[in-house]
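Remarks on the overall topology
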Amino acid sequence: MKKKKEKKGIKQKKQGVLSYWLTTPIPYLIAIIIIFLFHANHFRFFIMDDAFTSFRYAQNLVDGHGLVYNPGERVEGYTNFLWTLIIACFMKTGFQPEGLSQVLGVISGAIGIILVFLLSSKIAQKDKPLNLIACLFLSANTCYAVWAIAGMETVFFTSLILGGATRYVYELQNKEKIALSSIIFGIASLTRPEGLLFFGVTFIHQLLLLAKRRLSPKDLFLSFALFLSIFLPYYIWRYAYYGFPLPNTFYAKVGTGIDQIFRGLKYIKSFLFEFSGWIFLAIPLIFRRVNIYSLYLLLLLFFYLAYVICIGGDALPAYRFLVPILPFLYLLFQEGIKSLYGVVSKRKALVITLIIIGLGIPFMTKNSFSGRCYEDVKTQSTLTNIWSIVGKWLKDNASSEDSVALSPAGAIPYYSKLHAIDMLGLCDLHIGHIKMKELGKGVFAGHEKGDGAYILSHKPTYILLGNVIIQPESTFDFTKIPWNYWALKSERELWFSPKFHQMYQQVAKEIGTGEKGERWYLHYFQLKEKNP
């Protein structure tokens, strides 16, 4: 009898352990995070050229020049104040920003997945296995993996927004004063301007709860005051330092025309087409059981997508501007899936859930190995590598008194340390503030403004046209490029200016060798006064 009881006890213990591993979400959450880490590592070759703009600001800060692109010129050509400060702090202690920024981004991505699970668990404390759906889709999303490793602040910002939203829901559930969430949103607003939007939507949600007497006016005032205590001192400083209410990048990119809105709509449409947009058809099911938490997610989604549409989307690959809203999009999708379990039998709902996951994940993840998104990332990575080589070559071969005018204003200015004129205007006050009625008609946001005459008036030592031309031949015919078709405004105006051809001569310099030992030549234009 005793042996039978012992066997029965061992059997029950084994069943208990098995039950634990089948029902507890923690092991599966860890597995999802590991999937994300491998996914991000797949793009370890990628670092965005724009990241080097922040590195240049950080380096100038470390060198004692202030938060500037060029020493002596106060232009706010970045939109990631806190991220740039963090990078600068590490650079001050001897860290190199390239690898550091990638590590910080991947850590932020893993934290973001944990926060999605925590937020999901707060919204629906039951259905724990189903609370992993959003985490799984986020870890498999190419855009999330790409921007975690790209050296930029995108996923760091996303994690801060998730932290603020998770804390906000916790405060509502536990009837705590709306305190820490406002501080987190304030910190997020120092990281990217869109943090102000996310707090604004949260405040609208609080107003709705106030109308339903779920919050007191005192709670609302405290929430607003705490946010301002973080954001207002920063805003006053940046306005006094740079002299404009908005970053220079905003003036360079954003207009008010209807064309910009159409471009934004196309941006959203392309994302949905490439990343299993059909799965979001499950979101309307959430209206069967809308509560204050799902309403909050819907408000965040609506206002943020409206914002992205109004500013005309983004020019960078892998839908950077949509990354901060992806967790909320997948959470709404997840809640829509859960609603199925109240419409059909659990068995049918489970089958539908598995089919959606089985089709959605592979269709979405294929973008990490092939297709337009993957090719865009590879192309951008190749360009950034080329521009890095050019920047280092200029540092070794140009005088510190020289200057360069160019469109890719990240890696080349960072490595060369030369005075740089950003021909797109993101880091140039004059070009960035040029008024354009047709702004928004261009294919890419932030690539429409320019002023060739202004650039010539500064007599930069070097002008790099054609997005920087590197060829295995020592000769290159610029006249064969269809400038009137694809060139940027500054480049087009320069090329068709007789004064440009009088002042500058075409030069080719060997800057290195390729993988097969072939020589590579940089083709650029040099001020004739430099070499009379």
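Residues numbered from 1 in each chain as written. Predicted model: local features only at pLDDT ≥ 70, side-chain atom pairs only at ≥ 80, totals over all residues. Heavy atoms only, no water.

**Considering the packing of aromatic side chains**
- Throughout the structure, instances matching the rule amount to 50 aromatic pairs.
- Plain terms: the ring middles of Phe-157 and Phe-198 are 6.1 Å apart, the flat faces sit at 70 degrees to each other, and that makes the pair edge-to-face. Here the residue Phe-157 occupies a position in helix 8 (residues 154–173), and Phe-198 occupies one in helix 10 (residues 194–211), the gap between them amounting to 41 residues. Neither Phe-157 nor Phe-198 differs from the other in exposure class; each is buried.
- Note on Phe-500 and Tyr-504: the rings are 5.5 Å apart at their centroids and 25 degrees apart in plane angle, and the pair reads as stacked.
- Judged by relative accessible area, which is 0%, Phe-500 ranks as buried.
- The residue whose ring lies beneath Lys-366 is Phe-363, and the NZ or CZ to ring-centre distance is 4.8 Å.
- For the cation-ring pair, Lys-417 lies above Tyr-414, with the distance from its terminal atom to the ring centre recorded as 5.9 Å. (Phe/Tyr/Trp six-rings, centres within 6.5 Å; stacked < 30°, edge-to-face > 60°. Helix = DSSP H or I, 4+ residues; strand = E, 2+ residues; numbered from the N terminus. Buried < 20%, exposed > 50% of the residue type's maximum accessible area, 1.4 Å probe, protein only. Lys NZ or Arg CZ within 6 Å of the ring centre and 35° of its normal.)

**A word on the confidence of the model for the protein chain**
- On average, residues of the protein chain score 88 in pLDDT, and 92% of them reach the 70 mark or higher.
- This model gives residues 14–20 a pLDDT under 50, and the stretch forms 0 contacts once residues within four places in sequence are excluded. (pLDDT = per-residue confidence, 0-100. Contact = heavy atoms within 4.5 Å.)

**Here's the deal with the pairing of strand 1 (residues 403–406)**
- Burial along strand 1 is two-sided: Ser-403 and Ala-405 facing one way and Val-404 and Leu-406 facing the other are all buried.
- Across 4 bridges, the pairing between strand 1 and strand 2 (residues 419–422) is parallel. Counterpart to Ala-405 in the pairing with strand 2 is Ile-421.
- Handedness of the crossover joining strand 1 and strand 2 through helix 18 (residues 411–416): right-handed.
- Pairing analysis gives 2 bridges linking strand 1 to strand 3 (residues 462–463), with the strands arranged parallel. Residue pairing across strands places Ala-405 opposite Ile-463, the latter belonging to strand 3. (Pairing = 2+ DSSP bridges. Right-handed = clockwise from strand over helix to strand, strands pointing away.)

**Structural notes on helix 14 (residues 292–310)**
- An ideal rise of 1.5 Å per residue puts 27 Å on 19 residues; helix 14 measures up with 27 Å between its terminal C-alpha atoms.
- Restricting attention to buried positions, one finds in helix 14 the residues Ile-292, Tyr-293, Ser-294, Tyr-296, Leu-297, Leu-298, Leu-299, Leu-300, Leu-301, Tyr-304, Val-308 and Ile-309.
- Where helix 14 is buried, its residues contact helix 5 (97–123), helix 8, helix 9 (180–191), helix 10, helix 13 (258–274) and helix 15 (326–340).
- With a side-chain oxygen lying 3.0 Å from the backbone nitrogen of Tyr-293, the N-terminal cap of helix 14 falls on Asn-291.
- Where helix 14 terminates, the next one or two residues include Gly-312, which has phi positive at roughly 85 degrees. (Expected span 1.5 Å × (residues − 1). Polar contact = N/O pair within 3.5 Å; in protein donor to acceptor, adjacent residues only side chain to side chain.)

**Looking at the side chain of Ser-407**
- By the secondary structure assignment, Ser-407 is in the loop between strand 1 and helix 18.
- Within the local environment of Ser-407, its side chain forms a polar contact with the side chain of Glu-491, the two groups lying 3.0 Å apart.
- What Ser-407 contacts, discounting residues up to four positions off in sequence, is Asp-422, Met-423, Leu-424, Leu-488 and Glu-491.

**Notes on the pattern of salt bridges**
- For the structure on display, the rule yields 11 salt bridges.
- Among the ionic pairs, Glu-335 bridges to Lys-338, the shortest N-O distance being 3.1 Å. Residue Glu-335 and its partner Lys-338 are both found in helix 15; the two are separated by 3 residues, about one turn of the helix.
- Glu-335 gets classed as buried once you look at its relative accessible area, which sits at 6%.
- For Lys-489, the salt bridge is made with Glu-493, and the minimal N-O distance between the two is 2.6 Å. With Lys-489 and Glu-493 both in helix 22 (residues 489–495), this residue pair falls 4 residues apart, about one helical turn. (Salt bridge = Lys/Arg side-chain N within 4 Å of Asp/Glu carboxyl O.)

**Considering unusual backbone geometry**
- The phi dihedral of Arg-213 is positive, around 60 degrees, even though this residue is not glycine.
- Along the chain, Arg-213 falls in the loop between helix 10 and helix 11 (217–242).
- With relative accessibility at 78%, the residue Arg-213 sits in the exposed group.
- One non-glycine residue, Ala-318, lies in positive phi territory at about 60 degrees.
- Tracing the backbone through its elements, the reader meets Ala-318 in the loop between helix 14 and helix 15.

**Remarks on the packing of helix 8 against helix 10**
- At a minimum axis distance of 11 Å, the contact between helix 8 and helix 10 shows a crossing angle of 15 degrees. Relative to helix 10, the element helix 8 lies roughly parallel. Of the two elements, helix 8 crosses helix 10, and the hand of that crossing is right-handed. Where helix 8 approaches helix 10, its residues Phe-157, Ile-161, Tyr-168 and Leu-172 are matched on the opposing element by Glu-194, Gly-195, Phe-198, Thr-202, His-205, Gln-206 and Leu-209.
- Of the residues assigned to the contact of helix 8 with helix 10, the class counts are 6 nonpolar, 4 polar and 1 charged. (Axes fitted to C-alpha atoms, helices over the stretch in contact; angles between N-to-C directions. Parallel < 35°, antiparallel > 145°, perpendicular 65-115°, else oblique. Left-handed = near helix turned anticlockwise from the far one by under 90°. Nonpolar A, V, L, I, M, F, W, Y, C, P; charged D, E, K, R; others polar.)

**As for the packing of helix 2 (residues 26–41) against helix 5**
- Helix 5 packs onto helix 2 with a crossing angle of 150 degrees between their chain directions and a minimal axis gap of 10 Å. Here helix 2 lies roughly antiparallel to helix 5, going by the angle between them. You can see that helix 2 and helix 5 cross each other, and the crossing is right-handed. Between helix 2, through Leu-29, Ile-32, Ile-33, Phe-36, Leu-37 and Ala-40, and helix 5, the contact on the second element is made entirely by Val-106, Gly-109, Ala-110, Ile-113, Ile-114 and Phe-117.
- Residue classes in the contact of helix 2 with helix 5 are distributed as 11 nonpolar, 1 polar and no charged.

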